[in-house]
Amino acid sequence: DSNRLFVEWCTEFWTWDKSEYIALRNRLKENSIGKEYAYNMLKNFTKNVEPLVPKGLRIVNVTTSILDRITKALYASGKSPGTVKIIIYSFSIPLKEATRLGIISCNPADKLLSSSHSDEERGVLTKEEMVKIVKLLRDEEDSIFPSYRLGILLAVSTGMRLSEVRAVNVSDIEESEVKGYEKLNIRHSIGHLSGVKSTKGKYERSVLIASSLSSELKENADSSGIALPSPRGGYMSPPVLRTAFYEVLEKIGIGEEERDKRNLTFHSLRHTFSTLSRDWNISQEDRMLVLGHKSAEVNDRYTHASDVALERVSVLSQAI
């Protein structure tokens, strides 16, 4: 194994039906590594790293200096720090496993210098903009395809991920003890390759949705219970729901130029939900419970400094 080519080792490492590492991880803990994740890692490596690897480089000859040059080239290509970090995982994890197996004595990726760059902060919408979105979705009920309209409303109301919104089934909805609401159990998400699978955190969580929204979801469902079927049947694809959301933003006065400048995406609804929840004095523990975050550190990344929060601090500082 010590004579294996570096590219060959990493490629096989992330190939779903060939990887001994993936098979072992999934035997130890079911669904530890999904097909979607493995595919994305393989794609990251073959597309971005393999062209930069010296020809014939064997795994035992990989050095930190070589990996530094690869990393530098990735940054020079204009990729964001967050993207480069993920690409680095595509070779650092295989090298870590090679170290564990004794194929190499140490992992040269461990000595890579971390970037001082920071990712562009995900944009968030204001409370007023969210109100406009909901109003438009209600006022133009007949002009927007029902699954698109309800999918956006669901994300606005719950902070659910796009992949989770697409996977909702009417069997996930049950009665609630709270008047005017029903409980939605978030059990699944959808991957491009793996189809319906567990949520990103690999555990279920529940949120309350208005009974009126619940009724609309049930009425919109197809015969198999998919609450938000596409126009052609089956599950919606991510691009069509994103496009529908961007069209809604356009209608409330947020055009493409402003959207790009503020880094507003469909995922911004999740960040906005967390930020507004904080402003409404919902505890971090409860926000984590609803959003499915397992750590406060992750939750903090989804909670931004809004003008409301800054105003509270300003008023306090003036009183001192």
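Residues numbered from 1 in each chain as written. Predicted model: local features only at pLDDT ≥ 70, side-chain atom pairs only at ≥ 80, totals over all residues. Heavy atoms only, no water.

Draft legend 1. Expanded view of the pattern of salt bridges. In this structure the tally under the stated criterion is 16 salt bridges. A salt bridge links Lys 135 to Asp 139; the shortest N-O distance between them is 2.6 Å. In this pair, Lys 135 and Asp 139 are both assigned in helix 6 (residues 127–139), 4 residues apart and thus about one turn of the helix distant. On the basis of relative accessible area, Lys 135 is assigned to the exposed category, the value being 52%. A salt bridge links Arg 149 to Glu 216; the nearest nitrogen and oxygen atoms lie 2.7 Å apart. Taken together, the residues Arg 149 in helix 7 (residues 146–158) and Glu 216 in helix 9 (residues 211–220) connect sequence positions 67 residues apart. Both residues of the pair, Arg 149 and Glu 216, count as buried. (Salt bridge = Lys/Arg side-chain N within 4 Å of Asp/Glu carboxyl O. Helix = DSSP H or I, 4+ residues; strand = E, 2+ residues; numbered from the N terminus. Buried < 20%, exposed > 50% of the residue type's maximum accessible area, 1.4 Å probe, protein only.)

Draft legend 2. Main features of the environment of Gly 225. Considering the arrangement of structural elements, one finds Gly 225 in the loop between helix 9 and helix 10 (238–251). Placed 57 residues apart in sequence, Gly 225 and Val 168 show a C-alpha to C-alpha distance of 8.6 Å. Look past the residues within four positions of Gly 225 in its chain and what remains in contact with it is Val 168, Asn 169 and Val 170. (Contact = heavy atoms within 4.5 Å.)

Draft legend 3. Geometry of helix 10. The end-to-end C-alpha separation of helix 10 is 20 Å, in line with the 20 Å expected for 14 residues at 1.5 Å each. Listed as buried for helix 10 are Leu 241, Ala 244, Phe 245, Val 248 and Leu 249. Looking straight down helix 10, one finds its buried side chains confined to an arc of 145°; they lie on one side. Just beyond helix 10, the residue with positive phi is Gly 253, at close to 100°. (Expected span 1.5 Å × (residues − 1). Arc of directions from axis to C-beta.)

Draft legend 4. Summary view of the side chain of Ser 92. Relative to the assigned elements, Ser 92 resides in helix 5 (residues 81–100). Given the relative accessible area of 13%, Ser 92 is considered buried. The contacts of Ser 92, once residues within four sequence positions are left out, are Asn 107 and Ala 109.

Draft legend 5. Structural detail: the sheet that holds strand 1 (residues 173–175). Pairing is antiparallel across the open sheet formed by 3 strands, whose spatial order is 1-2-5. Both outer strands of the open sheet, strand 1 and strand 5 (205–210), are each paired with one neighbouring strand and no more. Across the sheet, the mean angle separating the axes of adjacent strands is 35° when strand polarity is ignored. Across the face of the sheet, helix 9 comes into contact with strand 1, strand 2 (181–186) and strand 5 while running at roughly 100° to strand 5. (Pairing = 2+ DSSP bridges. Axes fitted to C-alpha atoms, helices over the stretch in contact; angles between N-to-C directions.)

Draft legend 6. Looking closely at the packing of aromatic side chains. The full count for this structure, using the stated rule, is 7 aromatic pairs. Ring plane angle 85° and centroid distance 6.0 Å describe the contact between Phe 6 and Phe 45, whose orientation is recorded as edge-to-face. On the criterion of sequence distance, the pair formed by Phe 6 in helix 1 (residues 6–14) and Phe 45 in helix 3 (residues 35–49) is long-range, its members being 39 residues apart. In terms of burial, Phe 6 and Phe 45 fall into one category: buried. When the centroid spacing of 6.0 Å and the interplanar angle of 45° are considered together, the rings of Phe 245 and Tyr 246 count as tilted. With a relative accessible area of 1%, Phe 245 lands in the buried category. An aromatic cluster is built from Phe 13, Trp 14, Tyr 21 and Tyr 37, whose rings are joined through pairwise contacts. (Phe/Tyr/Trp six-rings, centres within 6.5 Å; stacked < 30°, edge-to-face > 60°.)

Draft legend 7. The arrangement of empty space enclosed by the protein in detail. Under the criterion given, the structure shown has 1 cavity of 30 Å³ or more. Considering only enclosed or pocket space, the largest cavity measures out at about 30 Å³ in volume. In this structure, the largest cavity is lined by Met 160, Glu 164, Ala 167, Val 168, Asp 172, Asn 185, Ile 186, Arg 187 and His 188. Sorting the residues of the lining of the largest cavity by element identifies helix 8 (162–167) and strand 2 as the ones contributing at least two each. Across the lining of the largest cavity, the residue classes break down as 4 nonpolar, 2 polar and 3 charged. (1 Å grid on protein atoms, 1.4 Å probe; cavity = no way out; pocket = protein on both sides within 12 Å on 5 of 7 lines; lining within 4 Å. Points joined across faces, edges and corners; volume = space filled by probe spheres on them. Nonpolar A, V, L, I, M, F, W, Y, C, P; charged D, E, K, R; others polar.)

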